[in-house]
Amino acid sequence: MARSIDQQIAEAQARLNRLKTRAKATETRRKIIVGAIVTTEALKDPKIARWMAATLRKNATREVDQKELTGLLADLDAKAAEA
C-alpha cells in the first residue's frame, strides 16, 4: 500500500528531527572535549590561564554562570600569578 503525501512528510520531518538531535549532541560533545583540553592546559600554563580567566570573565555574564566558574577562576588566577 502506498504511503500518502502526509505520511511521507511526517516521516521526513521525524528523520530531520533525529538528524538535528544527533548534530546537537555532536556539537555538545565537541565543546566538552575542547573545554576539557583548554582547561587542562590553562591550569599548566600561566599565559593560557590569564587568557582563559579574562575570556571567561568577559563572556560569562549570567550570574548563575559566574557562580559556577568561581572555583575555576580562582585556580586560573593562582596559576596566572606564578608567572
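Residues numbered from 1 in each chain as written. Predicted model: local features only at pLDDT ≥ 70, side-chain atom pairs only at ≥ 80, totals over all residues. Heavy atoms only, no water.

## A few points about the packing of helix α1 (residues 5-42) against helix α2 (residues 46-59)
Across the interface, α1 lies against α2 with an axial gap of 7 Å and an inter-helix angle of 125°. When the axes of α1 and α2 are compared, the pair comes out oblique. On α2, the residues touching V38, T39, E41 and A42 of α1 are I48, A49, W51 and M52. Tallied by class, residues from the contact of α1 with α2 come to 6 nonpolar, 1 polar and 1 charged. (Axes fitted to C-alpha atoms, helices over the stretch in contact; angles between N-to-C directions. Helix = DSSP H or I, 4+ residues; strand = E, 2+ residues; numbered from the N terminus. Parallel < 35°, antiparallel > 145°, perpendicular 65-115°, else oblique. Contact = heavy atoms within 4.5 Å. Nonpolar A, V, L, I, M, F, W, Y, C, P; charged D, E, K, R; others polar.)

## Let's talk about the side chain of K79
Take K79: it is sitting in helix α4 (residues 70-81). Residues contacting K79, with those up to four places away along its chain left out, are A42, L43, K44, D45, P46 and A49.

## Digging into the pattern of salt bridges
Under the defined criterion, the tally for this structure stands at 7 salt bridges. Taking the shortest distance from any N to any O, the salt bridge between E11 and R3 comes out at 2.4 Å. Classification of R3 as partly exposed rests on a relative accessible area of 46%. Across the pair E27 and K31 runs a salt bridge whose closest N-O atoms are separated by 3.2 Å. Here E27 pairs with K31, and both are found in helix α1, just 4 residues apart, close to one helical turn. (Salt bridge = Lys/Arg side-chain N within 4 Å of Asp/Glu carboxyl O. Buried < 20%, exposed > 50% of the residue type's maximum accessible area, 1.4 Å probe, protein only.)

## Observations regarding the environment of T55
Within the fold, T55 resides in helix α2. Taking the relative accessible area as the measure of exposure, T55 reaches 26% and is therefore partly exposed. A polar side-chain atom of T55 sits 2.8 Å from the main-chain carbonyl oxygen of W51. (Polar contact = N/O pair within 3.5 Å; in protein donor to acceptor, adjacent residues only side chain to side chain.)

## Remarks on the nonpolar core
Among soluble globular proteins, nonpolar side chains are generally buried collectively. The biggest cluster of nonpolar side chains holds 9 residues, and these are A42, A49, M52, A53, A60, L69, L73, L76 and A80. Residue assignment for this core shows that the elements contributing at least two residues are α2 and α4. A53 has contacts with L73, L76 and D77, leaving out every residue within four places of it along the chain. (Core = buried A, V, L, I, M, F, W, Y, C linked by side-chain atoms within 4.5 Å.)

## Side note on α4
Here α4 spans 17 Å end to end across 12 residues, near enough to the 16 Å set by a 1.5 Å rise per residue. Looking at α4, one finds that the buried residues are L73, L76, K79 and A80. On an axial view of α4, the arc spanned by its buried residues comes to 125°, and they lie on one face. The inward-facing, buried residues of α4 abut α1 and α2. (Expected span 1.5 Å × (residues − 1). Arc of directions from axis to C-beta.)

The quantities given are spatial measurements derived from coordinates; they are silent on function.
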